[in-house]
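What the coordinates show
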Amino acid sequence: MDSFKKNDGNRDELIIQQQRDIEKEISDSTPLVGEQLPLTCLWAEYNGDDVFTAKIQDLAKKYKFIRRTRPDGNCFFRAFAYSYMEYLISNNSAYKEFQKLAEDSKDKLVELGFPSFTLEDFHETFMEVIRRVSPDNPGGYNKVQSELHKIFNEQGYSDYVVVYLRLITSGKLQEEAEFYQNFIEGDFTIEEFRHQEVEPMFKESDHIHIIALCAALGAGVRVEYLDRGEGCIVKAHDFPEGTEPTIYLIYRPGHYDILYPN
Amino acid sequence: MSTPARRRLMRDFKRLQEDPPTGVSGAPTDNNIMIWNAVIFGPHDTPFEDGTFKLTIEFTEEYPNKPPTVRFVSKVFHPNVYADGGICLDILQNRWSPTYDVSAILTSIQSLLSDPNPNSPANSTAAQLYKENRREYEKRVKACVEQSFID
């Protein structure tokens, strides 16, 4: 009985330890953001499956490349950030606008009640990342793109970017709590949802995260849903509806990667 | 070597010194910024009053993206504290936010002492007494308060 009690004594820590082991296995085998690959590389994953083969064929009409992200629960935020910054570094005026929005975002979050001391740390890093991928770099697009890729594969920077986008998302949910409350299933309040599903790292994203982040940044995302659903056409959804997307993602149950249109 | 975790812990420490919250204190151990010692003073008007409870906080390189492991070194009789000193507190598990710092962690644990959550017990005896026999609960708490002077 005693030994049973002892084992049972701190189950939380045992569970956390097990989670960490699994995470380590994933991080050792997959980069945070991978190289650009031909879209048809997906065939290998669904070898011989008729539904997926047909759907990938359909997708290949619209997209040339895919870039994978690590499946660590942060994939939506990381894919979103990488893809959006790739767009920004090729569009100087959008970059400048975003830089201004990002600069001002800290004061806004502080006003919403986020602790300024810790927020500052993430904001500084976020702004540093934006500066480092400035399209004004005399080395040109390729140079900036490779800097972007390097930054996003450095855990410290990459994760801080994810944290900051999570905080911006959380801030938007709070700012328009009444509206977003409609999207929440179950008995969660917006407050509980933010603390349990948005701010903690490694928590997977749902539509509500995407909608709030797009609204906060004024960005548009198209998500292509590749699943076992009916038909041989891949369904897409634009966030917010009716907006011209600048970010293209592919969703397979539980995971987001980046797409590159033709 | 400076890593994001270490840089952030230096900031946490600086803030704890410049703007110390009432009733808690903490500092890195002499030769390792990743392991801290902390003290929480029992909150007034609770059975924990006058107690000085020691804790250790262990950080990983993933801090602040992941929470540290916090453990009471002093014996604490409380519905949400395990026999080995481990603490059952949502913000140290599934509700951790990277915006929390050491100061926020310690003040959260301090308020947990005042407001136990008997519905997710780590010490079932303490939880039961807290709900059903408050006098006996307070007696047991006061015994660990006295023990904390000696530790």
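Definitions and cut-offs
- Residues numbered from 1 in each chain as written.
- Chains lettered and ligands numbered in written order.
- Predicted model: local features only at pLDDT ≥ 70, side-chain atom pairs only at ≥ 80, totals over all residues.
- Heavy atoms only, no water.
- UniProt positions renumbered as here; feature names shortened; annotations may be inferred.
- Pairing = 2+ DSSP bridges.
- Helix = DSSP H or I, 4+ residues; strand = E, 2+ residues; numbered from the N terminus.
- Axes fitted to C-alpha atoms, helices over the stretch in contact; angles between N-to-C directions.
- Contact = heavy atoms within 4.5 Å.
- Buried < 20%, exposed > 50% of the residue type's maximum accessible area, 1.4 Å probe, protein only.
- Parallel < 35°, antiparallel > 145°, perpendicular 65-115°, else oblique.

UniProt lists chain B under the name Ubiquitin-conjugating enzyme E2-17 kDa, from Drosophila melanogaster. We quote the UniProt Sequence similarities comment for chain B here in full: "Belongs to the ubiquitin-conjugating enzyme family."

Chain A goes by ubiquitinyl hydrolase 1 in an unreviewed UniProt entry, where it is assigned to Drosophila guanche.

Attention shifts here to the sheet that holds strand S4 (residues 235-239) of chain A. Residues and elements named next belong to chain A. Taken together, the six strands give an open sheet; going across it, the order is S1-S2-S6-S5-S3-S4, and neighbouring strands pair in mixed fashion. With partners counted over all chains shown, the strands left at the sheet margins are strand S1 (33-38) and S4, one partner each. In this sheet, adjacent strand axes meet at a mean angle of 30° when their direction is disregarded. For strand S3 (residues 221-225) and S4, the ladder comprises five bridges, and the chain directions are antiparallel. Its bridge partner being in S4, Val221 is matched across the sheet by Phe239. Taken strand by strand, helix H4 (residues 75-88) contacts S1, strand S2 (63-69), S3, strand S5 (247-252) and strand S6 (255-261), and its axis lies near 20° from that of S6. On top of the sheet, helix H7 (residues 140-152) reaches S1 and S2; it is set at about 130° to S1, its chief contact.

The omega torsion of the bond from Phe239(A) to Pro240(A) falls at -20°, within 30 degrees of zero and hence cis. With respect to the secondary-structure elements, Pro240(A) resides in the loop between S4 and S5. With an omega of 0°, the peptide bond between Tyr63(B) and Pro64(B) qualifies as cis. Looking at the element boundaries, Pro64(B) is found in the loop between strand S3 (52-58) and strand S4 (69-72). Backbone geometry places Phe202(A), a non-glycine residue, at a positive phi of 70°. For Asp50(B), which is not glycine, the phi torsion reads 80° and is therefore positive. You can see Asp50(B) is positioned in the loop between strand S2 (32-41) and S3. With a relative accessible area of 53%, Asp50(B) lands in the exposed category.

With that settled, consider the packing of helix H5 (residues 92-111) of chain A against helix H6 (residues 116-132) of chain A. All names here are of chain A. Direction vectors running N to C along H5 and H6 enclose 175°, while the axes themselves pass 10 Å from each other. Between H5 and H6, the angle is such that the two are roughly antiparallel. Residues Tyr95, Phe98, Gln99, Ala102, Glu103, Ser105, Lys106, Leu109 and Val110 of H5 form the contact with H6, whose own contacting residues are Ser116, Leu119, Glu120, His123, Phe126, Met127, Ile130 and Arg131.

The subject of this paragraph is the sheet that holds S3(B). Residue and element names in this part refer to chain B. The sheet built from four strands is open, its strands ordered S1-S2-S3-S4 with antiparallel pairing. For this open sheet the edge positions go to strand S1 (24-29) and S4, each flanked by a neighbour on one side alone. Ignoring strand direction, the axes of neighbouring strands in this sheet form an average angle of 25°. Pairing analysis gives seven bridges linking S2 to S3, with the strands arranged antiparallel. Looking at the pairing, Phe41 lines up with Thr52 of S3. Helix H2 (residues 102-114) contacts S1, S2, S3 and S4 of the sheet and is inclined by roughly 35° relative to S2.

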